[in-house]
Amino acid sequence: LQTINTKLPKADFLAFSPDGQTLLSVHFTTFMQGNDEETLAKYFLWNTSTGKLLREFDDYFNLEKSPKHFVFFSPKGDRIMFDCGVDENLVLGICVMNAAT
């Protein structure tokens, strides 16, 4: 129905809001910081009717706070939940983000 151009090579995770009007895409992106390669997760919300970007999250998350196996919206569509590593030992937890702020 729509083509959404993220201008990134691939989406690592996708999730639709419960009403189907919003698509979340999560992209792992790599960049060089000095001599070290860093990987961050970028989160975008898209309007499924128009294909337009609704929101790019201001914060970028390192791999410890990024989805590992799943990402989904809460039943009301106001929260985004995913499994994440919560420390440097990659102990898994559940991270919750506000979809609106």
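Parameters and conventions
- Numbers given to residues run from 1 along each chain, matching the order in which its sequence is written.
- Local features are withheld for residues below a pLDDT of 70 in this predicted model, meaning they are given only at 70 or higher, and side-chain atom pairs are given and counted only at 80 or more; totals for whole chains, interfaces and linings count all residues.
- Water and hydrogen atoms were dropped before computing side-chain values, which therefore reflect all heavy atoms in the structure.
- What pLDDT expresses is the predictor's confidence in each residue, scored from 0 to 100.
- Numbering goes from the N terminus for both helices and strands, where a helix is a DSSP run of H or I of at least four residues and a strand is a run of E of at least two.
- Take a side-chain nitrogen of Lys or Arg and a carboxyl oxygen of Asp or Glu: if they are within 4 Å of each other, that pair is a salt bridge.
- Between buried and exposed lies partly exposed: a residue is buried under 20% and exposed over 50% of the maximum accessible area for its type, with that area taken using a 1.4 Å probe on protein chains only.
- What makes a nonpolar core is a set of buried Ala, Val, Leu, Ile, Met, Phe, Trp, Tyr and Cys residues whose side-chain atoms join them at distances within 4.5 Å.
- Here a residue-residue contact requires only that any non-hydrogen atoms of the pair lie within 4.5 Å.
- Strands were regarded as paired on the criterion that DSSP finds at least two bridges between them.
- To get an axis, fit a line to the C-alpha atoms, keeping to the stretch in contact for a helix; angles then go from 0 to 180 degrees between the N-to-C directions.
- Each aromatic pair joins two rings of Phe, Tyr and Trp (for Trp, the six-membered one) with centres within 6.5 Å, and gets the label stacked for planes under 30 degrees apart, edge-to-face for over 60, and tilted for any other angle.

### So, the confidence of the model for the protein
Next, step 1: A residue-level look at the protein finds 85% of positions with pLDDT of 70 or above and a mean pLDDT of 82.
Next, step 2: Strand β5 (residues 61-62) is the least confidently modelled element of the protein, averaging 64 in pLDDT, while strand β1 (residues 13-16) averages 93, the highest of any element.

### A look at the pattern of salt bridges
Should their charged atoms come close, side chains of opposite charge can pair.
Next, step 1: Applying the stated criterion across every chain, the model contains two salt bridges.
Next, step 2: One salt bridge in this structure joins Asp78 and Arg79, with 4.0 Å as the shortest N-O distance.
Next, step 3: Under the relative-accessibility criterion, Asp78 is labelled partly exposed at 32%.

### Looking at the nonpolar core
Soluble globular proteins tend to bury their nonpolar side chains together.
Next, step 1: Membership of the largest hydrophobic core comes to 16 residues, with the highest contact counts inside it found for Leu24, Tyr43, Phe57, Val71, Phe73, Ile80 and Phe82.
Next, step 2: Elements represented by at least two residues in this core include exactly β1, β2 (22-33), β3 (36-47), β6 (67-73), β7 (79-85) and β8 (92-98).
Next, step 3: The contact partners of Val71, leaving out residues within four places of it in the chain, are Phe13, Leu14, Ala15, Leu24, Ile80, Met81 and Phe82.

### What to know about the sheet that holds β6
Next, step 1: Taken in spatial order, the three strands of this open sheet run β6-β7-β8, and their pairing is antiparallel. The sheet terminates laterally at β6 and β8, the two strands that pair on one side only. On average, adjacent strands in this sheet sit at an angle of 20° to one another, irrespective of strand direction.
Next, step 2: Bridge count between β6 and β7: four bridges; the pairing is antiparallel. Directly across from Phe73, in β7, lies its bridge partner Ile80.

### Comments concerning the packing of aromatic side chains
Next, step 1: Applying the stated rule across the entire model yields five aromatic pairs.
Next, step 2: Between Tyr43 and Phe57, the aromatic rings sit 5.8 Å apart at their centres with planes inclined by 70°, giving edge-to-face as the arrangement. In this pair, Tyr43 sits in strand β3 while Phe57 sits in the loop between β4 (53-56) and β5, placing the two residues 14 residues apart along the sequence. With respect to burial, Tyr43 and Phe57 carry one shared label: buried.
Next, step 3: When the ring of Tyr43 is compared with that of Phe82, the centres are 5.8 Å apart and the planes differ by 35°; the resulting orientation is tilted. Linking Tyr43 in strand β3 with Phe82 in strand β7, this pair joins segments that are 39 residues apart in sequence.
Next, step 4: Classification of Tyr43 by relative accessible area gives buried; the value is 0%.
Next, step 5: Phe82 sits in the buried class, given a relative accessible area of 1%.

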